[in-house]
Amino acid sequence: METAAWPHLLTCPSQWSFMRHRGLNPSRWACDTLPHPKQLDAVSCGAYVLKFAECILADVPVEFDNSASGVTAIRHHIAISLLENTDDLTDLCHYCGNRDGDNHWIGCDARPRWYHKSCVKKPRMSKHKKFFCKACQ
């Protein structure tokens, strides 16, 4: 480990103290760097972090295609995973976030969003008796 190039690695004990103060026990943690592909641009750090976490949790080497097309494929995989594993929120009021409450609902005519009538107070209706939420107005 090259501590001159990575001086922040020397701060692990102070980080451990911070984590212990928060109720965590990092005594078996190690400050180390796993071999991994290098980020080649300035905007893909989120995709890299998620891919690193996926590899580490699966206990496989952190190896993947870090070319522009490879990172695009990672982003596509992340999007598909999020869509497939997201809870169905269609029955929530998009104003308050609750299912319960007012039994009178009004739906936005531009997008599939539903609201408690009491949450939108006096909803603005178009001259054609259509309701458009604030995001769609």
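Residues numbered from 1 in each chain as written. Predicted model: local features only at pLDDT ≥ 70, side-chain atom pairs only at ≥ 80, totals over all residues. Heavy atoms only, no water.

**Quick notes on the confidence of the model for the protein**
Averaged over every residue, the pLDDT of the protein is 83; the share at 70 or more is 87%. For the protein, helix α1 (residues 12–21) is the element with the lowest average pLDDT, namely 76, and helix α2 (residues 45–57) is the one with the highest, namely 94. (pLDDT = per-residue confidence, 0-100. Helix = DSSP H or I, 4+ residues; strand = E, 2+ residues; numbered from the N terminus.)

**Focus: the pattern of salt bridges**
Scanning the entire structure with this criterion turns up two salt bridges. For R99, the salt bridge is made with D91, and the minimal N-O distance between the two is 2.9 Å. Among the residues examined, R99 registers a relative accessible area of 46% and is labelled partly exposed. Owing to a relative accessible area of 39%, D91 belongs among the partly exposed residues under this scheme. (Salt bridge = Lys/Arg side-chain N within 4 Å of Asp/Glu carboxyl O. Buried < 20%, exposed > 50% of the residue type's maximum accessible area, 1.4 Å probe, protein only.)

**Details of the packing of aromatic side chains**
Summed over all chains, the structure comprises four aromatic pairs. Centroid distance Y48 to F64: 5.4 Å. Interplanar angle 70°. Geometry classified as edge-to-face. Pair noted here: Y48 is in helix α2 and F64 is in the loop between α2 and α3 (68–85), with a separation of 16 residues, a long-range link. Taking 5.9 Å as the distance between ring centres and 80° as the angle between the ring planes, the aromatic pair formed by Y115 and F131 counts as edge-to-face. Of this pair, Y115 sits in strand β2 (residues 114–116) while F131 sits in the segment after β2, and the two are 16 residues apart along the sequence. F131 shares its class with Y115; the two are buried. Feature note: the residues Y48, F52 and F64 constitute an aromatic cluster, connected by ring pairs. (Phe/Tyr/Trp six-rings, centres within 6.5 Å; stacked < 30°, edge-to-face > 60°.)

**A closer look at α2**
Compared with the 18 Å implied by 1.5 Å per residue over 13 residues, the 18 Å span of α2 between its first and last C-alpha is a close match. For α2, the full list of buried residues reads A47, Y48, K51 and C55. All buried residues of α2 fall inside an arc of 100° around its axis, so they share one side. In α2, the exposed positions that point more than 90 degrees away from the buried face belong to V49 and L57. Summarising the contacts, the buried residues of α2 are in contact with α3. A positive backbone phi angle near 55° is found at D59, which sits one or two residues after α2. (Expected span 1.5 Å × (residues − 1). Arc of directions from axis to C-beta. Contact = heavy atoms within 4.5 Å.)

**Notes on α3**
Helix length check: α3, at 18 residues, gives a terminal C-alpha distance of 26 Å against a target of 26 Å (1.5 Å per residue), a fit within 8%. For α3, the complete set of buried residues consists of G70, V71, I74 and I78. Here the buried residues of α3 occupy an arc of 100° about the axis, which is enough to place them on one side. When the buried face of α3 is taken as reference, the exposed residues oriented beyond 90 degrees from it are A68, S69, T72, H76, L83 and E84.

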